[in-house]
Amino acid sequence: MAQTPPLTVGEKARIAGLTARMCKRHLAGENVDQSDLERRIDRILDGARKRAETTQKK
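Residues numbered from 1 in each chain as written. Predicted model: local features only at pLDDT ≥ 70, side-chain atom pairs only at ≥ 80, totals over all residues. Heavy atoms only, no water.

Trainee: Tell me about the overall build of the protein chain, and please be specific about residues and values.
Mentor: The helix and strand tally for the protein chain stands at two helices and zero strands. Taken over the C-alpha trace, the protein chain has a radius of gyration of 14 Å; the compact-globule value for 58 residues is 10 Å, which it surpasses by more than 25%. Counting the 58 residues in the protein chain, one finds 19% classified as buried. If you take every contact in the protein chain between residues at least 6 apart in sequence, the share linking residues at least 24 apart comes to 54%. Of the roughly 4800 Å² that the protein chain leaves accessible, carbon and sulfur atoms contribute 54%. (Helix = DSSP H or I, 4+ residues; strand = E, 2+ residues; numbered from the N terminus. Rg over C-alpha atoms; globule rule 2.2 N^0.38 Å. Buried < 20%, exposed > 50% of the residue type's maximum accessible area, 1.4 Å probe, protein only. Contact = heavy atoms within 4.5 Å. Areas by Shrake-Rupley, 256 points an atom, 1.4 Å probe, with all protein chains shown as cover.)

Right, dumping it as C-alpha cells:
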C-alpha cells in the first residue's frame, strides 16, 4: 500500500468524521454499503498526494 501523504488539520478532521460515519453504518449491519464514504476518503487522500507532489517539485 502506498504511504499516506502528509495531511492538513482539516483533512484529518474530515477523514475522522467520515470514519465515524462508517463505524455507525457498520453497527447497523455488516452488509450496509459504505462505498460512498470510502470514495470520499480516497478523494481526500488523492488531493493530499497531489498537493505533496507539487510542493516537492518547488
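Trainee: Got a sec to walk through helix 2 (residues 35–57)? Specific residues and values, please.
Mentor: Between its first and last C-alpha atoms helix 2 spans 33 Å; for 23 residues at 1.5 Å apiece the expected length is 33 Å, and the two agree. Along helix 2, the positions that sit buried rather than exposed are Leu 37, Ile 41, Ile 44, Leu 45 and Ala 48. Summarising the contacts, the buried residues of helix 2 are in contact with helix 1 (9–28). (Expected span 1.5 Å × (residues − 1).)

Trainee: For the side chain of Gln 34, give the residues involved together with the corresponding values.
Mentor: Assignment of secondary structure puts Gln 34 in the loop between helix 1 and helix 2. Here Gln 34 is in contact with Met 22, Arg 25 and His 26, once residues within four sequence places are set aside.

Trainee: An account of the nonpolar core is needed here, citing residue identities and associated values.
Mentor: Counting seven residues, the largest nonpolar core is built from Ile 15, Leu 18, Met 22, Leu 37, Ile 41, Ile 44 and Leu 45. Elements with a contribution of two residues or more to this core: helix 1 and helix 2. Element by element, the count of residues in this core is highest for helix 2, at four residues. Excluding residues that lie within four positions of it along the chain, Met 22 makes contacts with Gln 34, Leu 37, Glu 38 and Ile 41. (Core = buried A, V, L, I, M, F, W, Y, C linked by side-chain atoms within 4.5 Å.)

That is the geometry; function is a separate question.
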